[in-house]
Number of protein chains: 2
Amino acid sequence: MSEKDIDQMRSRFAREAMALMERTGEEVTRTRLAAEFKIARARIEAVFPEESDLLEAITAEWFAPKIAVMDEVMASGLPPRRKMYEFFARRFVLLRQNFEEDPATFRLYVEMGERYFEYAQSYIDLGDHYLCELIAEAQADGHLTGMDVDFARSVINQMVLCYIQPYLIAMIGERLSEDKLAHIVDAIFDGLDAKDGGAGGSSQLQGV
Amino acid sequence: MSEKDIDQMRSRFAREAMALMERTGEEVTRTRLAAEFKIARARIEAVFPEESDLLEAITAEWFAPKIAVMDEVMASGLPPRRKMYEFFARRFVLLRQNFEEDPATFRLYVEMGERYFEYAQSYIDLGDHYLCELIAEAQADGHLTGMDVDFARSVINQMVLCYIQPYLIAMIGERLSEDKLAHIVDAIFDGLDAKDGGAGGSSQLQGV
């Protein structure tokens, strides 16, 4: 088989594995996949030499639509504030839809994500890379003044965590809304910068 | 036994149950508690008529120091911005310390908190009640302009979630810091208000 054939089969088998997981509510193995879809074990092993290769392919399939919306937003000509909002909001809407369509399967993916965290790392890194670009665009536009980009990335990820973390969307989803997220992004653009605003009380005058 | 005696024993038995959980890494039952500490079953049942009464008492003991720091901050004469920061920061420092001292037991409490959510509800409600007071004080000081108090409470809880949610402190604790929390509280005071800042793109000019 050519590399391209293998790529196509990897993606197809991963989608079949996901359909099986949705049906059974359980994690899937190569053995189970081969038995369920009457695929020769040798063929499965040509595509997934190790059990971990199947998990990696499932992770890739799960992230693909989330990456697609991020790519779309990054390629848009939106101004920085709108762009950062859409960057988080479109993924949130997708995750919420995934959750609402099938809460049990969504929770299974959340559990798998906790167990096989290493496969998700490259997607999380891509999201962080994009967020750094958005921060640079916001700074060029006069926002997030003076902030170190990595520090800003970390603080912003924390402020919007419940809109991007699947576990939290499953847990407190009914309290989340696009309107609240828009207010948070506006607070990032209008209130977050490098200067000490006084909350932490490092200035003598503001101490207890 | 008088009501006061029972209260004292409830608190003492709950602390003994917690010490047992720390040692064994497992949830504790009335039977186990009676056996371990050679307490007569009748005495345990006088204090905890139902299994759930033991869980409720453990929850109360676990929350007591967190309530104490909240009470302390609420009683302070700090200006609103500093007060809101301390309100979240002192609890965060306490939770982080609990986690660092004994990560396994901390995770056990997190799991129990998810399973017996109803016992924690009154403490969460108290935190929300205090936060509403802080919002009113901030508004009297010219911040969070025009915001509905419940909407502001919900958005602020979301913005600082990783500093108050024990599960998140266990999961991403190494990325959390007082400095980042201070920047978030400053963004709340300097950038969060009722007006549409444009992130959500509801205004025609800011659409795609």
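Residues numbered from 1 in each chain as written. Chains lettered and ligands numbered in written order. Predicted model: local features only at pLDDT ≥ 70, side-chain atom pairs only at ≥ 80, totals over all residues. Heavy atoms only, no water.

## What to know about the overall build of chain A
Item 1. If you tally the helices and strands in chain A, you get 11 helices and zero strands.
Item 2. Written out in order from the N terminus, the α and β elements of chain A read α-α-α-α-α-α-α-α-α-α-α.
Item 3. In terms of its C-alpha atoms, chain A occupies a principal-axis envelope of roughly 70 × 35 × 30 Å.
Item 4. Counting every position in chain A, which comprises 208 residues, the buried fraction comes to 51%.
Item 5. For chain A, the share of sequence-separated contacts (at least 6 apart) that also reach a separation of at least 24 residues comes to 64%.
Item 6. Within the structure as shown, chain A displays about 9700 Å² of accessible surface, and the carbon and sulfur contribution to it stands at 52%.
Item 7. Of the side chains in chain A, 23 bear a positive and 37 a negative charge, and the two mean positions are spaced by 5 Å. (Helix = DSSP H or I, 4+ residues; strand = E, 2+ residues; numbered from the N terminus. Buried < 20%, exposed > 50% of the residue type's maximum accessible area, 1.4 Å probe, protein only. Contact = heavy atoms within 4.5 Å. Areas by Shrake-Rupley, 256 points an atom, 1.4 Å probe, with all protein chains shown as cover. Lys, Arg positive; Asp, Glu negative; His and termini not counted. Charge placed at Lys NZ, Arg CZ, Asp CG, Glu CD.)

## Quick look at the packing of helix H1 (residues 3-24) of chain A against helix H4 (residues 51-75) of chain A
When two helices pack together, their arrangement is given by the angle between the helix axes and by the axis-to-axis distance.
All names here are of chain A.
Item 1. One can describe the packing of H1 onto H4 by two numbers: an axis separation of 9 Å at closest approach and a directional angle of 85°. The angle between the axes of H1 and H4 places the two elements in the roughly perpendicular class. Contacts between H1 and H4 involve Arg-10, Ser-11, Ala-14, Arg-15, Ala-17, Met-18 and Met-21 from the first element and Leu-54, Ala-57, Ile-58, Glu-61 and Trp-62 from the second. (Axes fitted to C-alpha atoms, helices over the stretch in contact; angles between N-to-C directions. Parallel < 35°, antiparallel > 145°, perpendicular 65-115°, else oblique.)

## Quick notes on the nonpolar core
Item 1. Counting 143 residues, the largest nonpolar core has Met-84, Phe-88 and Ile-188 of chain A together with Met-84, Phe-88 and Ile-188 of chain B as the members making the most contacts within it.
Item 2. Excluding anything up to four places from it in sequence, Phe-88 of chain A contacts Leu-131, Ile-156, Val-160, Ile-164, Leu-181 and Val-185 of chain A. (Core = buried A, V, L, I, M, F, W, Y, C linked by side-chain atoms within 4.5 Å.)

## So, the domain arrangement of chain A
Residues and elements named next belong to chain A.
Item 1. If you check the domain split of chain A, you get domain 1 (1-49) and domain 2 (56-191).
Item 2. For domain 1 versus domain 2, the distance between C-alpha centres works out to 29 Å.
Item 3. The interface is formed by 13 residues belonging to domain 1 together with 11 residues belonging to domain 2.
Item 4. For the pair domain 1 and domain 2, the two sides together bury roughly 940 Å², of which 68% comes from carbon and sulfur.
Item 5. Together, Met-18, Met-21 and Glu-27 form the three largest contributors to the area buried by domain 1 at its contact with domain 2, with a combined 56%.
Item 6. One salt bridge in this structure joins Glu-27 and Arg-115, with 2.2 Å as the shortest N-O distance.
Item 7. Our enumeration of links across domain 1 and domain 2 arrives at three residue pairs in polar contact (both at pLDDT 80 or more). (Domains from an automatic or database assignment. Buried area = accessible area lost by both parts, 1.4 Å probe. Salt bridge = Lys/Arg side-chain N within 4 Å of Asp/Glu carboxyl O. Polar contact = N/O pair within 3.5 Å; in protein donor to acceptor, adjacent residues only side chain to side chain.)

## Considerations on the side chain of His-143 of chain B
Residues and elements named next belong to chain B.
Item 1. Within the element layout of this structure, His-143 appears in the loop between helix H7 (117-140) and helix H8 (149-159).
Item 2. Looking at His-143, the relative accessible area reads 17%, which means it is buried.
Item 3. At 2.9 Å, the side chain of His-143 forms a polar contact with the backbone oxygen of Phe-189.
Item 4. Other than its neighbours up to four places away in sequence, His-143 contacts Arg-81, Ala-138 and Phe-189.

## Comments concerning the relation of the copies chain B and chain A
Item 1. For the match of chain B to chain A, the screw axis carries a shift of 0.0 Å, the RMSD comes to 0.0 Å, and the turn is 180°. One copy is carried onto the other by what is essentially a two-fold rotation axis.
Item 2. Of all interface residues in chain B, 100% are interface residues in chain A too; the two copies therefore contact each other through one and the same surface. (Least-squares fit on C-alpha atoms with pLDDT ≥ 70 in both.)

## Quick word on the packing of helix H4 (residues 51-75) of chain B against helix H5 (residues 80-101) of chain B
Residue and element names in this part refer to chain B.
Item 1. At their nearest, the axes of H4 and H5 sit 9 Å apart, and the two run at 155° to each other. Between H4 and H5, the angle is such that the two are roughly antiparallel. The chirality of how H4 crosses H5 is right-handed. Between H4 and H5, the residues in contact are Trp-62, Pro-65, Lys-66, Val-69, Met-70, Glu-72, Val-73 and Met-74 and Lys-83, Glu-86, Phe-87, Arg-90, Arg-91, Leu-94, Leu-95 and Asn-98, respectively. (Left-handed = near helix turned anticlockwise from the far one by under 90°.)

## So, helix H1 (residues 3-24) of chain B
All names here are of chain B.
Item 1. In this model H1 runs 31 Å from its N-terminal to its C-terminal C-alpha over 22 residues, within 8% of the 32 Å that 1.5 Å per residue would give.
Item 2. Regarding H1, the residues found buried are Ile-6, Met-9, Phe-13, Ala-14, Ala-17, Met-18, Leu-20 and Met-21.
Item 3. In the core, the buried residues of H1 are packed alongside helix H2 (30-36), helix H3 (41-47), H4 and helix H6 (103-115). (Expected span 1.5 Å × (residues − 1).)

## Quick notes on the packing of aromatic side chains
All names here are of chain A.
Item 1. Scanning all chains against the criterion turns up 19 aromatic pairs over all chains.
Item 2. For the ring pair Trp-62 and Phe-63, a centre distance of 5.2 Å and an interplane angle of 85° mean the geometry is edge-to-face. Phe-63 matches Trp-62 in its accessibility class, with the two residues each being buried.
Item 3. Between the aromatic rings of Phe-87 and Phe-88, the centroid separation amounts to 5.3 Å while the plane-to-plane angle is 65°, which identifies the pairing as edge-to-face. Of the two residues, Phe-87 and Phe-88, neither departs from the other in class, the shared state being buried.
Item 4. Of the aromatic side chains, those joined through ring pairs into one cluster are Trp-62, Phe-63, Tyr-109 and Tyr-123.
Item 5. Note that Arg-91 overlies the ring of Phe-87, its terminal NZ or CZ placed 4.7 Å from the centroid. (Phe/Tyr/Trp six-rings, centres within 6.5 Å; stacked < 30°, edge-to-face > 60°. Lys NZ or Arg CZ within 6 Å of the ring centre and 35° of its normal.)

## Some thoughts on the interface of chain B and chain A
Item 1. Between chain B and chain A, the contact holds 45 residues from the first and 45 residues from the second.
Item 2. Carbon and sulfur atoms supply 62% of the area that chain B and chain A bury against each other, a total of about 3500 Å² over both sides.
Item 3. In terms of surface lost to chain A, no three residues of chain B exceed Gln-158, His-183 and Ala-199 of chain B, which account for 19% of the buried area on that side.
Item 4. Run the count over chain B and chain A and you get zero salt bridges.

## Concerning empty space enclosed by the protein
Item 1. With the rule as written, the count across this model stands at one cavity of 30 Å³ or more.
Item 2. By volume, the largest cavity is sized at about 40 Å³.
Item 3. Lining the largest cavity, in full, are His-183, Asp-186 and Asp-190 of chain A together with Gly-191, Leu-192, Asp-193, Lys-195 and Gly-197 of chain B.
Item 4. Top element by residues in the lining of the largest cavity is helix H11 (residues 178-191) of chain A. It accounts for three residues. (1 Å grid on protein atoms, 1.4 Å probe; cavity = no way out; pocket = protein on both sides within 12 Å on 5 of 7 lines; lining within 4 Å. Points joined across faces, edges and corners; volume = space filled by probe spheres on them.)

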